[in-house]
Amino acid sequence: MPASAAPSALSRRRLLQAGGASAAVIALGINAPDAVADPPQQAENLFGLGIASGAPRPDGAVLWTRLASEPLAEDGHGGIDPHPVSVRWQVAADAEFSQIIRHGQALAQPELAHAVHPRVEGLEPATEYFYRFLVGPRTSPVGRFRTLPADGAEVESFAVGVVSCQAWYHGNFTAHRHLAAEEELDLVVFAGDYIYEYGITEANLWRQGAEVTAAHAVETETLEQYRLRYCLFKTDPHLQALHARVPAVAVWDDHEVQNDYSGTGSSTGIPEDLFAHRIAVAYRAFYENMPLDVEALPDGPDTDITTGFDVGSLARFSLLDTRQFRDPEPVDEADWQDAQRTMLGAEQEAWISQRLESSPATWNVLASGVVLAAVSDDRVDMWDGYPAARRRLLESMGATSNPVVLSGDIHKHVAAEVRADYADPESATIGVELVCTSVASDGDGAKTDQYTEDWLRHEYVTHYDGRRGYLHVRLTPEEMVSSFHVVDWIEADDTAPKQLSVRYTTPVDDPGLIQA
Ligand SMILES: [Fe+2]
């Protein structure tokens, strides 16, 4: 990624923060004057893709929906006519909406696939709220979110679900079912591969009983195809339930665009100018389908999903973009070891080191689309391919308190100590990495498989499980409790019970993984 890309996204963020973009904000489905457009009359259900909240703050959150009466309409427009639609939203203190605290309107426009992203402000910190959308006489399901604690506040506990790699066609989202229904949750982190771009055919459709039309059989390349792909994945009721239950934040990995792409470079030799178009439409579809702040609205192939927030004085979260700004895979040893080689790009790297090194929080949580730990010299798509950049990040992590990395990508649960220098067996443990297995990618798995030894041969890797599942992390001022949950099957149906694969505690200021 040329260095010029990041400043354009970041300068747009500054412009928006300065309030210089109110017209743009209206046009983008953030806000709308009263009664701009009539609701579609014909449709029974306009909320076929569910609802969501995200971008939590102490005083509010972003609410999201994308209107769809026929989610699988092959043009990617969800069955909604190409006209603007007024969408009202309400936030209440109770699930019955007897006490509406905030309300407003947003304009769902065909240019953004009829998605709206209103930001609710002026709420109380650390408080639970309920929200819903209304279009004419139609009412959405009710969602809930909890605002973040006030800046600097003492926080007793903060619970986070972590999920990644939702290959819908490989099986049921049973992990989401358990996470949404059975866990204490303040937030869910999507750690990458929210969608997959691959064509869906008989060969990879392992979700029994599922059928898709020929429109899904091709790899996604156009805006309409990416939109349709989000529609397909978002029809899953357990994913919808998870979004309705708790605010979501997300980092992406490669499959939101193309397998193993790097920066501006395709992994399959697509010329850069054509691939820039594909990146632009893929990033745009990501924005349209996630509860993101307006800063994440792409400007062509450039966008800014790097973000962070504090949970009182308990935790600082930082969400990394490990795709958009990375250098291409190394061509030779010298290139691989080049000190200039970057994973995050110069601007994001400066941002994260500043955030870590100046953090007042007890816990410092990073979400990375790819695994940080040193695993194998063949894993050049992960941080292993960027050794100099990893050393710089480890240095910043060593200068902050209690760093924790949440990652995904590999479709396995892995727990690992973060070492100051992975190559030096004597080097200190400075934090922990919790790698979350896939929700569905690779279908039914087994606890051990052909990769188990690869991972467990490293002294700093303490656990490996090749089954599907999710991760639950509870942070308190005294300790972190990380629970790796699994399910035994996902292809046949969504009824598999959850099992605990392993649970660790990590005492504050004593990095490591103690089996609980
Ligand atoms: Fe994946």
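Structure: above.
Please read all numbers here as calculations on a predicted model, not as lab measurements.

Conventions we followed
Residues numbered from 1 in each chain as written. Predicted model: local features only at pLDDT ≥ 70, side-chain atom pairs only at ≥ 80, totals over all residues. Heavy atoms only, no water. Buried < 20%, exposed > 50% of the residue type's maximum accessible area, 1.4 Å probe, protein only. Helix = DSSP H or I, 4+ residues; strand = E, 2+ residues; numbered from the N terminus. Contact = heavy atoms within 4.5 Å. Lys, Arg positive; Asp, Glu negative; His and termini not counted. Salt bridge = Lys/Arg side-chain N within 4 Å of Asp/Glu carboxyl O. Pairing = 2+ DSSP bridges. Right-handed = clockwise from strand over helix to strand, strands pointing away. 1 Å grid on protein atoms, 1.4 Å probe; cavity = no way out; pocket = protein on both sides within 12 Å on 5 of 7 lines; lining within 4 Å. Points joined across faces, edges and corners; volume = space filled by probe spheres on them. Nonpolar A, V, L, I, M, F, W, Y, C, P; charged D, E, K, R; others polar. Phe/Tyr/Trp six-rings, centres within 6.5 Å; stacked < 30°, edge-to-face > 60°. Lys NZ or Arg CZ within 6 Å of the ring centre and 35° of its normal.

How would you sum up helix α3 (residues 174–182)? Please name residues and give values.
Those residues of α3 lying buried are Thr 174, Ala 175, His 176, His 178, Leu 179 and Ala 180. The secondary structure elements touched by the buried residues of α3 are β10 (158–163), β11 (187–190), α5 (237–245), β20 (468–475), β21 (479–487) and β22 (498–507).

Can you tell me about the side chain of Asp 193, naming the residues and giving the values?
Along the polypeptide, Asp 193 turns up in the loop between β11 and α4 (223–234). For the buried Asp 193, no salt bridge exists, and the shortest N-O distance to an oppositely charged side chain is 6.8 Å, to Arg 323.

So what about the pairing of β10? Which residues, and what values?
β10 sits mainly inside the fold: 6 of its 6 residues count as buried. Neither face of β10 is left uncovered, since the one carrying Phe 158, Val 160 and Val 162 and the one carrying Ala 159, Gly 161 and Val 163 both have all their residues buried. One ladder, built from 5 bridges, connects β10 with β20; its direction is antiparallel. Among the inter-strand pairings, Val 160 is bridged to a residue of β20, identified as Val 473. What joins β10 to β11 is α3, and the crossover it makes is right-handed.

Describe empty space enclosed by the protein, naming the residues involved and giving the relevant values.
Taken as a whole and judged by the stated rule, the model has 2 cavities of 30 Å³ or more. In this structure, the largest cavity spans a volume of roughly 40 Å³. Around the largest cavity, the lining residues are Ala 215, His 216, Val 218, Thr 220, Gln 225, Leu 228 and Arg 229. Along the lines of polarity and charge, the residues of the lining of the largest cavity split into 3 nonpolar, 3 polar and 1 charged. The space that makes up the second largest cavity amounts to roughly 30 Å³. As for the second largest cavity, its lining consists of Val 160, Phe 317, Val 365, Leu 406, Val 473 and Leu 475. In the lining of the second largest cavity, the residues fall into 6 nonpolar, no polar and no charged.

Run through the packing of aromatic side chains, naming residues and quoting values.
Counted by the stated rule, this structure contains 15 aromatic pairs. Here Tyr 131 and Phe 145 contribute two aromatic rings whose centre-to-centre distance is 5.9 Å and whose plane-to-plane angle is 45°, an arrangement assigned as tilted. Here Tyr 131, found in strand β7 (residues 128–135), pairs with Phe 145, found in strand β9 (residues 143–146); they are 14 residues apart in sequence, far enough to count as distant. Through successive ring pairs, a cluster of aromatic residues spans Tyr 129, Tyr 131, Phe 133 and Phe 145. Between the NZ or CZ atom of Lys 234 and the centre of the ring of Trp 64, over which it lies, the distance is 4.3 Å. In this arrangement the basic side chain of Arg 341 is found over the ring face of Tyr 386, its NZ or CZ atom lying 4.2 Å from the centre.

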